[in-house]
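So the chains spell out like this:
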Amino acid sequence: MSRCAQICAVGLVLLCQQALAEGLVEKQVNPDTGLVSWKAQGDALELEFIQVLPDYVRAVYSSRGLPGEIVDKVSGYCVFGTILHNRSEGPVAYRVADWRYITPDGERHRIRTKSEWVQEWRDMGVAFRWSMLPDDQTFEVGDWGQGFTTIDLSPGSRFDLEYSWRVNDKSFTRTIKWVECAPDEAPLH
Amino acid sequence: MKHRFTRRRSGVAGLPAALLLFALSAAAVAEEGLSHSFARIDPPRSVPDFSLPDMDGEMHALQDYRGKVVLINFWATWCPPCRREMPALEQLYRKLGDQPFAVLAINQWEDADHVFAYMGDLNVFPSFPILFDPESRVSAEFGVKGLPTSFLLDRQGRVVFRAVGGRAFDHPEVEQTIRSLLAAE
């Protein structure tokens, strides 16, 4: 595709995304890669969900010196860079075990947690415990965190993400509709 | 002050991937400034002593720093906000260099060769100790769940403040917080 056509395609996608935007979920396309991110704002817990290519996942884990078995398994998942911010004036807590992804057939699925990954790696004799989004955290004012979230779907799959958080004793839930796994390769090269 | 980067090292394995990951999330992180708030730990919490090697293999025990205010920063090269924190940490450390104040930047999982190459790429050569926690035992004892996470210890060696996520260590309020700890008995 020519550079001009690529720019036109990105512009078209951006226009469509404005129409698709729901509530305070902002959908953006990286103009360099064509990869998509979703940012849900306006709540005590702000969430940004960023598509990550399987090759990027491979590169990250390979360069940490992790065994090929681990590299292959993680990169076989649909991976998102996830950034969470406490945007409130008090503590905010989340627990990945409470989150669900909902496939187009209506099925609700739990998300594989960091603890499950770390336990599997430990069983293989690998002590690495970083890169995945922590299972649960209580963010104080100004705190934030990031990590990979792994969804057991193939590249390009679509789903709704339901995530939740707690402020004091009150629970909140939000759904980001029509999230899409990264493709096998970057849409723009 | 002894320069911690006295030995020339080689090895850049991992840097491309670190930069890839940086590219993925840098836009999101870089668009906004890092916060500067620290959460007070009340009551102050005691922490286990540890002894870790620095870039040159010299051991540093936490108890050696008793009597000083200590900023402990858990980090890794692949962590985008860690990359942003490092220059500000150096700036803060130099600014308070005449005070009983120490910074211990504890790297997770990586080795000295990797970190040396990273610092060259970053063009920051910290004058505070970079320590290595390859099995992440110390970070686990501190209850660190994600990187970066930082702790401020008072002169009695107790954790009094914690910050989860990247911070702007060159912000005046951070310096003010540390000075208040320095002034306390």
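Every value quoted in this text rests on a predicted model; they were computed, and no experiment measured them.

What counts, and at which threshold
Residues numbered from 1 in each chain as written. Chains lettered and ligands numbered in written order. Predicted model: local features only at pLDDT ≥ 70, side-chain atom pairs only at ≥ 80, totals over all residues. Heavy atoms only, no water. Pairing = 2+ DSSP bridges. Helix = DSSP H or I, 4+ residues; strand = E, 2+ residues; numbered from the N terminus. Axes fitted to C-alpha atoms, helices over the stretch in contact; angles between N-to-C directions. Core = buried A, V, L, I, M, F, W, Y, C linked by side-chain atoms within 4.5 Å. Buried < 20%, exposed > 50% of the residue type's maximum accessible area, 1.4 Å probe, protein only. Contact = heavy atoms within 4.5 Å. Buried area = accessible area lost by both parts, 1.4 Å probe. Salt bridge = Lys/Arg side-chain N within 4 Å of Asp/Glu carboxyl O. Polar contact = N/O pair within 3.5 Å; in protein donor to acceptor, adjacent residues only side chain to side chain. Phe/Tyr/Trp six-rings, centres within 6.5 Å; stacked < 30°, edge-to-face > 60°. Lys NZ or Arg CZ within 6 Å of the ring centre and 35° of its normal.

Peer 1: Run through the sheet that holds strand β8 (residues 158-164) of chain B, naming residues and quoting values.
Peer 2: All names here are of chain B. Here six strands make up an open sheet; going across it, the order is β1-β8-β7-β4-β5-β6 and the pairing mixed. The open sheet has two free edges, formed respectively by β1 (39-46) and β6 (130-133), since each of these has just one partner strand. Strand-to-strand, the axes of this sheet are offset by a mean angle of 25°, without reference to chain direction. The pairing of strand β4 (residues 69-75) with strand β7 (residues 149-153) spans five bridges and is classified as antiparallel. For Leu71, the partnering residue across the bridge sits in β7 and is Leu152.

Peer 1: Break down the nonpolar core for me, citing the residues and quoting the values.
Peer 2: Core analysis: the biggest nonpolar cluster contains 81 residues, and Tyr61(A), Trp121(A), Phe50(B), Ile72(B), Phe101(B), Ile130(B) and Phe142(B) have the highest contact counts within it. With residues near it in sequence (within four places) discarded, Trp121(A) still touches Tyr61(A), Ile70(A), Val74(A), Val126(A), Phe128(A), Trp130(A), Ser131(A) and Met132(A). Grouped together as the second largest cluster of nonpolar side chains are 30 residues, Trp38(A), Ala44(A), Leu45(A) and Leu133(A) included.

Peer 1: I'd like to hear about the interface of chain A and chain B, residue by residue, with values.
Peer 2: Listed by partner, the interface residues are 32 residues for chain A and 36 residues for chain B. Counting the surface lost from both chain A and chain B, the interface buries some 2700 Å², and carbon and sulfur atoms represent 58% of this. Per-residue buried area on chain A facing chain B is highest for Arg64(A), Trp130(A) and Trp144(A); these three make up 28% of the total on that side. Counting across the chain A and chain B interface gives four salt bridges. Across the pair Lys145(B) and Asp136(A) runs a salt bridge, and its minimum N-O distance is 2.6 Å. Along the contact surface separating chain A from chain B lie 16 residue pairs in polar contact (both at pLDDT 80 or more).

Peer 1: Provide a residue-level description of the packing of aromatic side chains, including the pertinent values.
Peer 2: Each aromatic ring pair is specified by the distance between its two centres and by the angle formed by the two planes. By the definition in use, this model includes 23 aromatic pairs over all chains. Plain terms: the ring middles of Tyr77(A) and Trp117(A) are 5.0 Å apart, the flat faces sit at 70° to each other, and that makes the pair edge-to-face. Within this pair, whereas Tyr77(A) is found in the loop between α3 (68-75) and β4 (78-86), its partner Trp117(A) is found in helix α4 (residues 114-123), the two being separated by 40 residues in sequence. Between Tyr94(A) and Phe139(A) the ring centres are 5.7 Å apart and the planes differ by 45°, which places this aromatic pair in the tilted class. In this pair, Tyr94(A) is assigned in strand β5 (residues 92-95) and Phe139(A) in strand β8 (residues 136-139), connecting sequence segments 45 residues apart. Across the pair, exposure class does not vary: Tyr94(A) and Phe139(A) are buried alike. By the ring-pair criterion, three or more aromatic residues cluster together here, those being Tyr61(A), Tyr77(A), Trp117(A), Trp121(A), Phe128(A), Phe148(A) and Trp109(B). Between Arg112(A) and the ring centre of Trp117(A), over which it is positioned, the NZ or CZ distance is 4.3 Å.

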